[in-house]
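Next come the chains, spelled out residue by residue.
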Amino acid sequence: MGNKMKKLICALLASAMLVGSVGVVGFADEDTNAETVVTTSAEATEKPADAEATEAPASAEATEAPVATVAPTTSGSSYDNDSYYDKALSLCSALGIITGYEDGSVKPDSKVTRAEMASIVLRMLDLTSTSTYQNGFTDVTSSHWAADQIQTALEANIISGMGDGTFVPDGEVTYAQVCVMLVNAMNYQDDAEYYGGYPNGYIKVAGMSDLEITKNAPGAADVASDRGVVIKMVYNALLGQYKEINGYENGAPTYKANGTLAKAKFDVIDKKGVLTATSKTSVSSTDVQDGQIEIVSDDDDEAKLFDCDLTGLEDYLAQKITYYYKENSGLTPKVLAVTYDASKTTTFKADADDIQTVEGFDTDEGKFKIDGVSKKKNCAGASIVYNGKIISKSQLAELGESINDLLLPEKGNIRLVDSDKDDVFDVVFVDSYETMVVSSASEDRLVGKVADSDDFGSTKSLTITLDDKEDRTITVTKAGNELRLRNLKKNDVATIRRSLDDTVVDIVVTGESFTGSATGISKKVDKSYATINGTKYDVANVAAGDLVSGTQATFYTDMFGRIAYIETTSGGQLQSGEKYGWIMNA
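Cut-off values and rules
Residues numbered from 1 in each chain as written. Predicted model: local features only at pLDDT ≥ 70, side-chain atom pairs only at ≥ 80, totals over all residues. Heavy atoms only, no water. Helix = DSSP H or I, 4+ residues; strand = E, 2+ residues; numbered from the N terminus. Buried < 20%, exposed > 50% of the residue type's maximum accessible area, 1.4 Å probe, protein only. Contact = heavy atoms within 4.5 Å. Pairing = 2+ DSSP bridges. Axes fitted to C-alpha atoms, helices over the stretch in contact; angles between N-to-C directions. Parallel < 35°, antiparallel > 145°, perpendicular 65-115°, else oblique. Left-handed = near helix turned anticlockwise from the far one by under 90°. Core = buried A, V, L, I, M, F, W, Y, C linked by side-chain atoms within 4.5 Å. 1 Å grid on protein atoms, 1.4 Å probe; cavity = no way out; pocket = protein on both sides within 12 Å on 5 of 7 lines; lining within 4 Å. Points joined across faces, edges and corners; volume = space filled by probe spheres on them. Nonpolar A, V, L, I, M, F, W, Y, C, P; charged D, E, K, R; others polar. Salt bridge = Lys/Arg side-chain N within 4 Å of Asp/Glu carboxyl O. pLDDT = per-residue confidence, 0-100.

Turning to the overall build of the protein chain, a few remarks are in order. The helix and strand inventory of the protein chain stands at 13 helices and 26 strands. In the protein chain, which comprises 586 residues, the proportion classed as buried is 51%.

Now for the environment of Tyr386. Note on placement: Tyr386 falls in strand β12 (residues 383–386). Residue Tyr386 is classed as buried on the basis of its relative accessible area of 9%. Linking Tyr386 and Ser499, residues 113 residues apart in sequence, is a C-alpha distance of 6.1 Å. In this structure, Tyr386 is in contact with Ile391, Leu406, Val430, Ser432, Arg498, Ser499 and Leu500, ignoring residues within four places of it in sequence.

As a further point, take the pairing of strand β25 (residues 552–557). By the bridge criterion, 5 bridges tie strand β22 (residues 513–524) to β25 in an arrangement that is antiparallel. Counterpart to Gly516 in the pairing with β25 is Ala553. Strand direction decides the pairing type here: β25 and strand β26 (residues 563–568), joined by 5 bridges, are antiparallel. The residue of β26 that forms the bridge with Thr554 is Glu567. Two successive antiparallel strands, β25 and β26, enclose a turn made up of 5 residues, where Gly561 displays a positive phi of approximately 80 degrees.

Packing of helix α4 (residues 114–124) against helix α9 (residues 227–238) leaves a shortest axis separation of 11 Å and a crossing angle of 25 degrees. In terms of their interaxial angle, α4 and α9 are classed as roughly parallel. Helix-helix and strand crossings are classified by hand; for α4 and α9 the assignment is right-handed. From α4, Met117, Ile120 and Met124 reach across to α9, where they touch Val230, Val234, Ala237 and Leu238.

Turning next to the nonpolar core. In this structure, Ile97, Met117, Met124 and Leu238 are the most contacted members of the largest nonpolar core, which totals 69 residues. Among the elements of the structure, α3 (83–94), α4, α5 (147–155), α6 (175–185), α8 (200–206), α9, α10 (261–266) and β7 (331–340) are those that each provide at least two residues to this core. The element best represented in this core is α6, accounting for 9 residues. In this structure, Ile295, Tyr316, Val417 and Phe429 belong to the second largest nonpolar core, which totals 23 residues.

The next subject is the sheet that holds strand β10 (residues 365–370). Read across the sheet, 3 strands follow the order β9-β10-β11 without closing on themselves; strand pairing throughout is antiparallel. With partners counted over all chains shown, the strands left at the sheet margins are β9 (355–359) and β11 (377–380), one partner each. Pairwise comparison of adjacent strand axes, ignoring direction, gives a mean angle of 15 degrees for this sheet. As paired elements, β10 and β11 share 4 bridges and run antiparallel to each other. When the sheet's bridge partners are listed, Glu365 is paired in β11 with Ala380.

Once that is clear, we can look at the layout of surface pockets. Put simply, the largest pocket is a space of about 1300 Å³. Considering the residues around the largest pocket, the lining is formed by 38 residues, among which Leu408, Pro409, Glu410, Tyr433 and Ser453 are closest to the centre. Mapped onto the lining of the largest pocket, the elements with two or more residues apiece are α12 (402–406), β15 (427–441), β16 (445–451), β17 (459–465), β20 (493–498), β24 (535–539) and α13 (541–544). With 4 residues, β15 is the largest single contributor of residues to the lining of the largest pocket. Here the second largest pocket is characterised by a volume of approximately 830 Å³. What lines the second largest pocket is a set of 35 residues, and nearest its centre among them are Lys280, Thr475, Arg497, Asp506 and Ile507. Counting residues per element, the ones that place at least two in the lining of the second largest pocket are β14 (411–418), β15, β18 (473–478), β20 and β21 (504–509). In the lining of the second largest pocket, the residues fall into 12 nonpolar, 7 polar and 16 charged.

Right, let's talk about α4 for a bit. Burial analysis of α4 places 10 of its 11 residues in the buried class, the great majority of the element. Buried within α4 we find Arg114, Ala115, Glu116, Met117, Ala118, Ser119, Ile120, Val121, Leu122 and Met124. Taken together, the buried residues of α4 touch α5, α6, α9 and α10. In the stretch just after α4, Asp126 is the one whose phi turns positive, near 60 degrees.

Our focus in this paragraph is the pattern of salt bridges. A full pass over the atoms with the stated rule returns 23 salt bridges. The salt bridge involving Asp315 is made with Arg415; its shortest N-O contact spans 3.8 Å. Placement of Asp315 in the loop between β5 (303–308) and β6 (320–328) and of Arg415 in strand β14 is noted, with a sequence separation of 100 residues between them. Judged by relative accessible area, which is 46%, Asp315 ranks as partly exposed. Of the charged contacts in the structure, one is a salt bridge between Glu359 and Lys376, with a shortest N-O distance of 3.0 Å. Taken together, the residues span a long stretch of sequence, with Glu359 in strand β9 and Lys376 in the loop between β10 and β11 at a distance of 17 residues. Here Glu359 falls in the partly exposed class, since its relative accessible area comes to 32%.

This paragraph deals with the confidence of the model for the protein chain. Residues with a pLDDT of 70 or more make up 84% of the protein chain, whose mean pLDDT is 84. Here residues 13–71 scores under 50 on pLDDT; set against residues more than four positions off or in separate chains, the count is 214 contacts. Every residue in residues 571–586 scores below 50 in pLDDT, and together they form 26 contacts with partners more than four places removed in sequence or on other chains.

As structure tokens, this is what we get:
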């Protein structure tokens, strides 16, 4: 990060800490520029010059599905943790080029048929209207799901068939054929023919600097391409220099440069910058509303608001990103996709259970000692974002030494961000959770029982007032469904994350429970557990005092799977005459 950019980020953070910020799901990109390895066999050279790439048929693929349903990763896939694939999928799905299957999956390890590839390329060119099929190929009937797309691709000189009157629509598209279709779509076929035609000329042009279609997407010319490779190649084409046909001279086309294909066809601009605010969390003083984010661009080091429907971007805050956006006729421009550049930023994350000590944050010399890490994490001068909201200078002064205790949550995690890789972390994000057993809930107030930190094993009443006197961001989720605060019921187990001023509040109720009898109970300072039906469970402090050995009960858990509320057959509280005992381990 340049000095100018770092100064601006520091200024934003400093401003936010002076005045306090108003409380208001991207991908890692290691842009490796990996060398593309292409092999060509004798058989591949005999194939026709028009090969294509991948896309599921209309019957299998949800072509009308919204972009947000496309999953960035697939468990067990060879593309898990492939940051370049994630980046490619992010933009391609945002533009509706890759729409995924009905279950939201993409199946990147699967192969793509030639008909599917023709459909993908048409969407890449934003050719939404199609021609009526004219029986141009002997093996394609008008009843084929892609017949009209095949006709449109033929008329657009993207495909030409196998040379014998066939198209083989359901055959797997090879790597060389993908290169052909994309090079033709970008209007570089004359260049490809100059370098020898199919397949090597097309592969060569696909890899040249103006296109870089094969960047981070290697393959063998006559081997069928994975869907993941096709997605990368389409993404590369979107960022390649598109030659638009300007006219014809002596029967030959003339071209004009028209920027990237993404800009020419979708008005999408790609830039780099630093994400400084979302509607949920901010490291600046900007008032960011729902559906907006703030980015400091590398171009001018200025903070700018964008409309954005993406979720889960909080993990990218204070970090270098690539963002893709469209201007909006004088209104706020809209970001369609965001990718995270892991090579520009150092991040470190630790669970609360792994934090040994917190020190020095009251004197601006903060350090974390992490279990299993020999060197303390240096956070000198770092800004602190606690439960979604930056802590101001005045709040730090008021907290004094207690800030160190605040940054050691009972349950939660910390995330440290070094924006310039100088081994000093610039921003500390703390997510600290408390567990409550709800007593009552209304539209603007939540009352319940929480652990008493001064008397382990005891509880105290807590009232959280959430009226409309402040701008607040409140989310309430129960069993995966979003609710209003008033929908919470008595004895619901709520896991709560809230900022110091309660303007950012997240409440999660799992609704999960099980029935059994505790056969073994152990109580330690700051931690209890119980063995129930042969399984060992952690017990939240709020329920530690209610543990009774041998009593049949229903146990309700918090979002961390800890027992937090115990309902006995007699109604949830110990009754007169019930026997109990403790096993104490100091």
